[in-house]
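Chains, contacts and geometry: an overview
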Amino acid sequence: MSAEGAVCAAIADAACIMVNRNQGAGTRILIDRLLGDARPEGYWNQPRSHNAVAAAVAQGRGDWGMTIAPVAHAADLGFIPFTEEHYDFALVTARKQRPAVLAFLDSLASNEARAALTKAGFRPV
């Protein structure tokens, strides 16, 4: 089933309780696009993190919500992908030679970091 289909099914079931995300979160923008004008039961429950959404569902305080794959899998929840998300790091070019920035960039490029990111469900490029 697609994410769109799953959301439509959840909206159609009045007993199916949503766990939303806080306003301003990128995830909230995605879920609001899927919901359109619908405001299902639980819509106003607005935890501030992916982990909080997964915890609420895992603890039975809600039936569904949007989170990222590594968090859903860590909570032993089902997961239906909606879209791929890309993460970038920004830095001030003039500060690129600072020891801490160089250490961060070296660490990020290391085989160990790439393996850890891959194990967590991310696809380093």
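None of the values given here were measured: they were computed from a predicted structure. Counting from 1, residues in each chain are numbered in the order their sequence is written. Totals for whole chains, interfaces and linings use all residues, but because this is a predicted model, local features are given only for residues with pLDDT of at least 70 and pairs of side-chain atoms are given and counted only at 80 or more. Side-chain calculation: all heavy atoms of the structure are included, whereas hydrogens and water are not.

**Describing unusual backbone geometry**
What you tend to see is this: most non-glycine residues have negative phi, and most peptide bonds are trans. Although it is not a glycine, D76 adopts a positive phi angle of roughly 60°. Think of it this way: any DSSP run of H or I at least four residues long counts as a helix, any run of E at least two long counts as a strand, and we number them from the N terminus. Mapped onto the fold, D76 is located in the loop between α4 (69–74) and α5 (99–109).

**Some thoughts on a nonpolar patch on the surface**
Nonpolar side chains (Val, Leu, Ile, Met, Phe, Trp, Tyr) within 5 Å and like charges within 9 Å form the patches, drawn only from residues with over 30% relative accessible area and no salt bridge. The protein chains shown are the only cover counted for residues, whose accessible areas, like all others here, come from Shrake-Rupley with a 1.4 Å probe. Any Lys or Arg side-chain nitrogen located within 4 Å of an Asp or Glu carboxyl oxygen qualifies as a salt bridge. Residues Y87, L117 and F122 make up a contiguous nonpolar surface patch of about 260 Å² in total accessible area. Examined against the element boundaries, F122 turns out to sit in the segment after α6 (111–119).

**Quick look at the pattern of salt bridges**
Per the stated rule, a full pass over the model turns up 2 salt bridges. The salt bridge partner of R28 is D32, with a shortest N-O separation of 3.1 Å. You can see R28 and its partner D32 sitting in helix α2 (residues 26–35), 4 residues apart, about one turn around the helix. Residue class for R28 comes out buried when judged on its relative accessible area of 4%. Close ionic contact of R123 with E84 constitutes a salt bridge, the shortest N to O distance being 2.5 Å. Per-residue accessibility, obtained with a 1.4 Å probe over protein chains only, is compared with the maximum for each type, and a residue is labelled buried under 20%, exposed over 50%, and partly exposed between these values.

**Remarks on the packing of α5 against α6**
Simply put, an axis is a line fit to the C-alpha atoms, just over the touching stretch for a helix, and the angle between two N-to-C directions goes from 0 to 180 degrees. Interhelical geometry of α5 versus α6 gives an angle of 60° and a closest axis separation of 4 Å. As far as their axial angle goes, α6 and α5 are oblique. Contacts from S107, L108 and A109 in α5 reach N111, A113, R114 and L117 in α6. Roughly parallel refers to an angle under 35 degrees, roughly antiparallel to one over 145, roughly perpendicular to one between 65 and 115, and oblique to any angle outside these ranges. It only takes one pair of heavy atoms within 4.5 Å for two residues to be counted as in contact.

**With respect to the layout of surface pockets**
Buriedness for pockets is judged along seven lines, at least five of which must meet protein on both sides within 12 Å for an open set on the 1 Å grid over protein atoms alone, while cavities are sets there where a 1.4 Å probe fits but cannot get out, and lining residues have an atom within 4 Å of a point. Grid points are joined across faces, edges and corners, and a volume is the space filled by probe spheres set on the points. If you add up the space inside the largest pocket, you get close to 1,400 Å³. Lining the largest pocket are 44 residues, and of these I68, A69, P70, T83 and E85 lie nearest its centre. Of all the secondary-structure elements, those providing two or more residues to the lining of the largest pocket are α1 (3–12), α2, α3 (50–58), β2 (64–65), α4, α5 and α6. For the lining of the largest pocket, the per-class residue count stands at 30 nonpolar, 8 polar and 6 charged. Residues are grouped as follows: Ala, Val, Leu, Ile, Met, Phe, Trp, Tyr, Cys and Pro are nonpolar; Asp, Glu, Lys and Arg are charged; every other residue, Gly included, is polar.

**Examining the side chain of R21**
Its place among the elements puts R21 in the loop between β1 (18–19) and α2. For the charge count, each Lys or Arg is scored as positive and each Asp or Glu as negative, with His and the chain ends excluded. In this structure R21 is buried but unpaired, with E85 as the nearest side chain of opposite charge at 8.2 Å. Side-chain atoms alone can form a polar contact between residues adjacent in sequence; in general such a contact is a pair of N or O atoms within 3.5 Å, and within protein one must be able to donate a hydrogen while the other accepts it. A distance of 3.4 Å separates the side chain of R21 from the backbone oxygen of P47, its partner in a polar contact. One polar contact links the side chain of R21 to the main-chain carbonyl oxygen of R48, over a distance of 3.1 Å. Discounting residues that sit within four places of it in the chain, R21 has contacts with T27, R28, Q46, P47, R48, S49, H50, V53 and M66.

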